[in-house]
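An overview of the molecular structure
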Amino acid sequence: MHAGILSLRGAIGLLLTLCVVAMALFAPLIAPHDPLNSELSMRLKPPFWYPNATPTYLLGTDALGRDLLSRVVFGSRISIMVAAVAVVVSGTFGVIVGLLSGYYTGLFDQVVQRIVEIQQAFPFILLAIVVLVVLRPSLANVIIVLVLSSWVIYTRMVRAQTLILREREFVLAARSFGSSDWRIMFRHILPNLIPMIVVLATFQTAQLLLIEAVVSFLGLGIPPPTPTWGRTISEGREYLDRAWWITTFPGFALMLTVVGIGFLGDWLRDLLDPTLRM
């Protein structure tokens, strides 16, 4: 019964994730309008089921008369791209640092751990505000902030596992046969960490999607008029009483995406962790 529920959650998560990825990849084909094209005569039009709705704007329009469905579709492209790039960069950097820290220990490990502790003690929102105010909001700077906020997670997890694996028999055997440290780390230790890294990256993707939305909501994300879910949600705040759809639909898209990736992460964790299968 438990396995059945997990497989159902995994299927739902995989389906939701694939739908969002497909929406991001084929946004120009899916979106019915240009997300940047504004028509003030069409501002604040309601979704299609309202009596005074305009059929060509299925989810209504925002305060500038831009098609909300198109902005949600193109917003997925920005959110997925930013989160994916940040996960790859932070994961690669964090895994390498964690491997070196856990394998060599000593002074290098002490320095890394102090940096990690300082990083985790520093409030993320304050860090994001400082970095984005100094560097100015842009796509590259948002990715930098996301990388700074997430590399420490990989470093701590990989370091902890490396400290255990470096004393295992297969590592001691490789060392006795004259294998170099780099070969031991990347040919013997790292492959044993891949399942954990994959699961961690999945959960981090969902978390970074939320962080990117928060940063954009605060006006520190990618500058307008580029559509993002967080900025669209923020733009609809003052119209909640008469145009609730501006905030609701991108928020719903963000929620479904995070839930889908979370379900997928749960399924991957149970699939790749042999102790849970037992």
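Quick summary incoming for the structure in this document.

Reading the values: the criteria
Residues numbered from 1 in each chain as written. Predicted model: local features only at pLDDT ≥ 70, side-chain atom pairs only at ≥ 80, totals over all residues. Heavy atoms only, no water. Core = buried A, V, L, I, M, F, W, Y, C linked by side-chain atoms within 4.5 Å. Buried < 20%, exposed > 50% of the residue type's maximum accessible area, 1.4 Å probe, protein only. Helix = DSSP H or I, 4+ residues; strand = E, 2+ residues; numbered from the N terminus. Contact = heavy atoms within 4.5 Å. 1 Å grid on protein atoms, 1.4 Å probe; cavity = no way out; pocket = protein on both sides within 12 Å on 5 of 7 lines; lining within 4 Å. Points joined across faces, edges and corners; volume = space filled by probe spheres on them. Nonpolar A, V, L, I, M, F, W, Y, C, P; charged D, E, K, R; others polar. Axes fitted to C-alpha atoms, helices over the stretch in contact; angles between N-to-C directions. Parallel < 35°, antiparallel > 145°, perpendicular 65-115°, else oblique. Left-handed = near helix turned anticlockwise from the far one by under 90°. Polar contact = N/O pair within 3.5 Å; in protein donor to acceptor, adjacent residues only side chain to side chain. Salt bridge = Lys/Arg side-chain N within 4 Å of Asp/Glu carboxyl O.

Our focus in this paragraph is the nonpolar core. Core analysis: the biggest nonpolar cluster contains 62 residues, and Leu99 and Ile189 have the highest contact counts within it. Where this core is concerned, the elements lending two or more residues are α1 (2–25), α3 (68–104), α5 (124–135), α6 (139–165), α7 (169–176), α8 (181–217) and α10 (245–272). Residues within four places of Leu99 in sequence aside, it is in contact with Val158, Thr162, Met185, Phe186, Ile189, Leu190 and Leu193. Judged by nonpolar contacts, the second largest core, of 5 residues, contains Val97, Val112, Val116 and Val152.

The next point concerns the layout of surface pockets. Space inside the second largest pocket adds up to approximately 230 Å³. Forming the walls of the second largest pocket are 13 residues, and the residues nearest its centre are Met23, Val72, Phe252, Ala253 and Leu256. Sorting the residues of the lining of the second largest pocket by element identifies α1, α3 and α10 as the ones contributing at least two each. Counting residues per element, the lining of the second largest pocket draws most heavily on α10, at 5 residues. Counted by class, the lining of the second largest pocket contains 12 nonpolar, 1 polar and no charged residues.

Interhelical geometry of helix α4 (residues 106–121) versus α6 gives an angle of 135° and a closest axis separation of 10 Å. With respect to each other, α4 and α6 are oriented oblique. The interaxial crossing formed by α4 with α6 has left-handed handedness. Of the residues in α6, those touching α4 at Asp109, Val112, Gln113, Ile115, Val116, Gln119 and Gln120 are Leu148, Ser149, Trp151, Val152, Ile153, Thr155, Arg156 and Arg159.

Another point: the side chain of Arg159. Topologically, Arg159 is positioned in helix α6. A polar contact of 2.6 Å, which involves the side chain of Arg159, links it to the side chain of Asp109. Apart from the residues lying within four places of it in its own chain, the contact partners of Arg159 are Gly98, Ser101, Gly102, Asp109 and Gln113.

This brings us to the pattern of salt bridges. Side chains that differ in sign of charge can pair as their charged atoms come close. Under the criterion given, the structure shown has 11 salt bridges. Salt-bridge contacts for Arg159 lead to Asp109; the nearest nitrogen and oxygen are separated by 2.6 Å. Pair noted here: Arg159 is in helix α6 and Asp109 is in helix α4, with a separation of 50 residues, a long-range link. There is no split in this pair, since Arg159 and Asp109 are both buried. Among the ionic pairs, Arg114 bridges to Glu117, the shortest N-O distance being 2.9 Å. Taken together, the residues span about one helical turn, with Arg114 and Glu117 both in helix α4 at a distance of 3 residues.

Coordinates in, geometry out; function isn't part of it.
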